[in-house]
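# Observations on the model geometry
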Amino acid sequence: MFKQRKHKTFSYKPRFIKTDEAHTQSDARNKTDFISKWKANQSGKRRVSKGGLKLGTLILLLVLLLILMYALERKYM
């Protein structure tokens, strides 16, 4: 119905590009050093779940709650 405009695209090239090969190799080495250090630090840490309780535990609690409600209803009604 209505003609949609295309998104604008730009071929941006920064004015100051680092093309020195020695500089790019040292950058790559620094990145790999950082990654290896980060992995070494992360491997010693214990993972903690943010949710607190797992899904299976929640379902079990829900089933027990329903059984308790049914038993109390049968006893007092």
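The structure contained in this document is the topic of the report that follows. (Residues numbered from 1 in each chain as written. Predicted model: local features only at pLDDT ≥ 70, side-chain atom pairs only at ≥ 80, totals over all residues. Heavy atoms only, no water.)

It is worth spelling out the overall build of the protein chain at this point. Helix and strand content of the protein chain: two helices and zero strands. Relative to its full complement of 77 residues, the protein chain shows a buried share of 0%. Accessible surface, the protein chain: about 9,000 Å² in total, of which carbon and sulfur atoms supply 61%. (Helix = DSSP H or I, 4+ residues; strand = E, 2+ residues; numbered from the N terminus. Buried < 20%, exposed > 50% of the residue type's maximum accessible area, 1.4 Å probe, protein only. Areas by Shrake-Rupley, 256 points an atom, 1.4 Å probe, with all protein chains shown as cover.)

This next bit is on a nonpolar patch on the surface. Among the surface-exposed residues, Leu 53, Leu 55, Leu 58, Ile 59, Leu 60, Leu 61, Val 63, Leu 64 and Ile 67 lie close enough to one another that they form a single nonpolar patch of about 860 Å² accessible area. Looking at the secondary structure, you find Ile 59 in helix 2 (residues 55-76). According to the relative accessible area criterion, Ile 59 is partly exposed, its value standing at 46%. (Patch = residues over 30% accessible without salt bridge, like charges linked within 9 Å, V, L, I, M, F, W, Y side chains within 5 Å. Salt bridge = Lys/Arg side-chain N within 4 Å of Asp/Glu carboxyl O.)

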